[in-house]
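Summary of the model geometry
Residues per chain are reported as follows:
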Protein chains: 2
Amino acid sequence: MKCESQKTSSPIAEKPRKPKFRRRAEARPDEVLDAALELFTKRGFSRTTVDQVAKRAGLSKGSVYLYFPSKKALLAGLVRRAVVPVANMALGVIADYRGDPRPVIRQLVGMLASNMNDPKVFAVPKLVIREAVGAPEIAQMYREEVLDRALPAMTRLIAQGVEGGHIRKVDPELTIRSILGPLMMHLVMAEVFSIKPEGGLALDRLADNHLTILFAGLEPEEARL
Amino acid sequence: MKCESQKTSSPIAEKPRKPKFRRRAEARPDEVLDAALELFTKRGFSRTTVDQVAKRAGLSKGSVYLYFPSKKALLAGLVRRAVVPVANMALGVIADYRGDPRPVIRQLVGMLASNMNDPKVFAVPKLVIREAVGAPEIAQMYREEVLDRALPAMTRLIAQGVEGGHIRKVDPELTIRSILGPLMMHLVMAEVFSIKPEGGLALDRLADNHLTILFAGLEPEEARL
DNA sequence: ACTAAATAACTGACCGGTCAGTTACTTACA
DNA sequence: TGTAAGTAACTGACCGGTCAGTTATTTAGT
């Protein structure tokens, strides 16, 4: 690995008083990643050539290898760049909340749903799922940096809700699938099969419908006891 | 397209009185597809060579082209072979059922969950999702032959349940995501990221947990009125 | 002997990665 | 201010390898 993207340039001089002579790079890795994201998303990883990425980023193939040691490193860089904010978002919302988890879940689902409208944001997870077989190390990175942080937090949130008697006695780990699965399926249907509800993506309606069922389903069953 | 696979060979003689043993064709297309399924599943479409498929099926690359006009035709043949039974299964269960949809949903989810244990069955949908970008015509075939038949039937099932007052007033089309999404997410997490609940895939526990929440969530809200 | 089945060798295009060379900028010095 | 020296940034032709698809030939069943 050589660089991967690091925005550490300030116009003001630093301490070593030998700024040498920076040329006009620095923004380049990010530009390359932008181009790669666009092409990988549109045509898939293996059907995109490094040359195409270079052209789109406005430089030559050789220069791409100045910044990234391999084609796969492009994918890795892409994931890494998108990964931190997403994971942090989820964790920030959940934090160490205590009480009825439903407001937090509503917020989380709402955030995800609204993000799904922005292709830039969700292109990376889609890419990861699609290319995980050919590049297992990418899947693992994604897992380590996103899932292994976000899922335990969600599990805790739900478990805590169950213990506090705020929601039905469900399996916290499995219930995560019930919370996020419908969103994922919606995404897959729309992206892979172009199956959308009548009026566009309708993500707000989806979130509404889903949360209505989910929250009613999570209602504790005290009436039965 | 030349053949695509057709299992019309029975050990008992047919009408043309030719029980002799054909050199060794007839079963070949299916053997090739079996090999292709295995390799495509394990290594992805583009990273699998036709030669590898041929070797695994016990013949030469040239022979593969005797049965299939192109590499993509292998994928198409795979989809077509798996598609009819799946779609029929779903439609058979739903039929033109009237009444509370929940028993039917339970049966459907149960069938899907139990099928997910068999890699042979779910390898094809997984493949389709993964390769849909590089081979849109495959995705479309899958859509036309499976989804466009199964989804409307499910929509009808739910709509009918709403009208009959058996379940809450939900959006039938969107509720499909709430029914099947958790299963899909479970599959993706397990297959792509190797994230499984403690004790294996736990598909029955997943189905249980999911249906508990779902059915409670679908309960009509007469108490509120 | 005839023919369908099967093959192995071949071809041509493609692509990831390399590297010798060029360009454009910075600095040093007059 | 001008210019020579120095170098990071960049280029694009090229190499080695791979692979989908073709074809000339061999093999085996009748």
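Here's a quick rundown of the structure. This structure is a prediction, so every number in the text was calculated from the model and none was measured.

Procedures and definitions
For every chain, the first residue of the written sequence is number 1, and numbering continues from 1 along that sequence. Written order determines the labels here, with chains lettered from A and ligands numbered from 1. This being a predicted model, a pLDDT of at least 70 is required before a residue's local features are given, and a value of 80 or more before pairs of side-chain atoms are given or counted; all residues contribute to the totals for chains, interfaces and linings. Side-chain descriptors were evaluated using all non-hydrogen atoms of the structure, hydrogens and water having been removed beforehand. Starting at the N terminus, helices and strands are each numbered in turn, a helix being any DSSP run of H or I of at least four residues and a strand any DSSP run of E of at least two. Contacts are assigned to residue pairs that have any heavy atoms within 4.5 Å of one another. Working definition: a ring pair exists when centres of Phe, Tyr or Trp rings (six-membered ring for Trp) sit within 6.5 Å. Plane angles under 30 degrees give stacked, over 60 give edge-to-face, the rest tilted. Only protein chains enter the accessibility calculation, which uses a 1.4 Å probe; a residue is then buried when its area is under 20% of its type maximum, exposed when over 50%, and partly exposed in between. A ring has a charge above it when a Lys NZ or an Arg CZ is no more than 6 Å from the ring centre and no more than 35 degrees off the ring normal. A least-squares superposition brings the copies together, and it is based on the C-alpha atoms of residues with pLDDT no lower than 70 in both. Residues are called lining when one of their atoms sits within 4 Å of a cavity or pocket point, these points coming from a 1 Å grid over the protein atoms alone, where a cavity is a set in which a 1.4 Å probe fits but cannot get out and a pocket is an open set with protein on both sides within 12 Å along at least five of seven lines. Grid points are joined across faces, edges and corners, and a volume is the space filled by probe spheres set on the points. Each residue receives one of three labels: charged for Asp, Glu, Lys and Arg, nonpolar for Ala, Val, Leu, Ile, Met, Phe, Trp, Tyr, Cys and Pro, and polar for the others, Gly being one of them. Once two parts are brought into contact, the accessible area they lose, counted with a 1.4 Å probe and summed over both, makes up the buried area. By definition here, a salt bridge exists when the distance from a side-chain nitrogen of Lys or Arg to a carboxyl oxygen of Asp or Glu is within 4 Å. Within 3.5 Å is the distance limit for a polar contact, defined as a pair of N or O atoms, with the added protein rule that one can donate a hydrogen and the other accept it, and that residues adjacent in sequence qualify only through two side-chain atoms. Only four residue types enter the tally: Lys and Arg on the positive side, Asp and Glu on the negative side; His and the chain ends are excluded.

Side note on the environment of His166(A)
All names here are of chain A. Here His166 shows up in the loop between helix H7 (136-163) and helix H8 (172-193). Sequence separation of His166 and Glu219 is 53 residues, and the distance between their C-alpha atoms is 7.6 Å. Discounting residues that sit within four places of it in the chain, His166 has contacts with Gly99, Asp100, Pro101, Arg102, Gln160, Gly161 and Pro220.

Here's the deal with the packing of aromatic side chains
Residue and element names in this part refer to chain A. Taken as a whole, this structure holds four aromatic pairs over all chains when the rule is applied. An angle of 70 degrees between the planes, with centres 5.0 Å apart, marks the rings of Phe40 and Phe45 as edge-to-face. When sorted by exposure, Phe40 lands in the same class as Phe45, which is buried. The positively charged end of Lys71 is found above the aromatic ring belonging to Phe45, 4.6 Å away from the centroid.

Comments concerning the relation of the copies chain B and chain A
Here chain B sits on chain A after a turn of 180 degrees about the axis and a move of 0.0 Å along it, with an RMSD of 0.1 Å. In short, the pair behaves as if placed about a two-fold rotation axis. Identified as the residue of chain B closest to the rotation axis by C-alpha distance is Gly217(B), at 1.8 Å. Mapped onto chain A, 100% of the interface residues of chain B again fall at the interface, so both copies present the same surface.

A few points about empty space enclosed by the protein
A complete count under the given rule lists two cavities of 30 Å³ or more for this structure. The volume enclosed by the largest cavity comes to roughly 60 Å³. When contributions to the lining of the largest cavity are tallied by element, the ones reaching two or more residues are H8 and helix H9 (203-218) of chain A together with helix H9 (203-218) of chain B. For the lining of the largest cavity, the class distribution of residues is five nonpolar, four polar and no charged. Roughly 30 Å³ of volume is contained in the second largest cavity. Lining the second largest cavity are Val79(B), Ala82(B), Val83(B), Val86(B), Val124(B), Pro125(B) and Tyr142(B). Sort the elements by how many residues they give to the lining of the second largest cavity and helix H4 (residues 71-94) of chain B lands first, with four residues.

Here we look at the interface of chain B and chain A
Taken residue by residue, the interface counts 51 residues in chain B and 51 residues in chain A. Summing both partners gives a buried area of about 4400 Å² for chain B against chain A, and 70% of it is carried by carbon and sulfur. By the criterion of area lost to chain A, the three top residues of chain B are Arg177(B), Phe193(B) and Ile213(B), representing 16% of everything that side buries. At the boundary of chain B and chain A, one finds two salt bridges. Here Asp171(A) ties to Arg205(B) by a salt bridge, and the two come within 2.8 Å at their closest N and O atoms. Viewed at the interface, chain A and chain B are joined by 13 residue pairs in polar contact (both at pLDDT 80 or more).

A few points about unusual backbone geometry
Backbone geometry follows two general trends: most residues other than glycine have a negative phi, and most peptide bonds adopt the trans configuration. Residues and elements named next belong to chain A. The phi dihedral of Ser194 falls on the positive side, at around 50 degrees, and the residue is not glycine. Within the element layout of this structure, Ser194 appears in the loop between H8 and H9. With relative accessibility at 46%, the residue Ser194 sits in the partly exposed group.

A closer look at the side chain of Arg177(A)
By the element assignment, Arg177(A) lies in helix H8. Buried Arg177(A), no salt bridge; nearest opposite-charge side chain is Glu173(A), N-O distance 5.0 Å. A distance of 2.9 Å separates a polar side-chain atom of Arg177(A) from the backbone oxygen of Glu173(A). Once residues within four sequence positions are removed from consideration, Arg177(A) is found in contact with Pro182(A), Pro182(B), Met185(B), His186(B), Met189(B), Ile195(B), Pro197(B) and Leu206(B).

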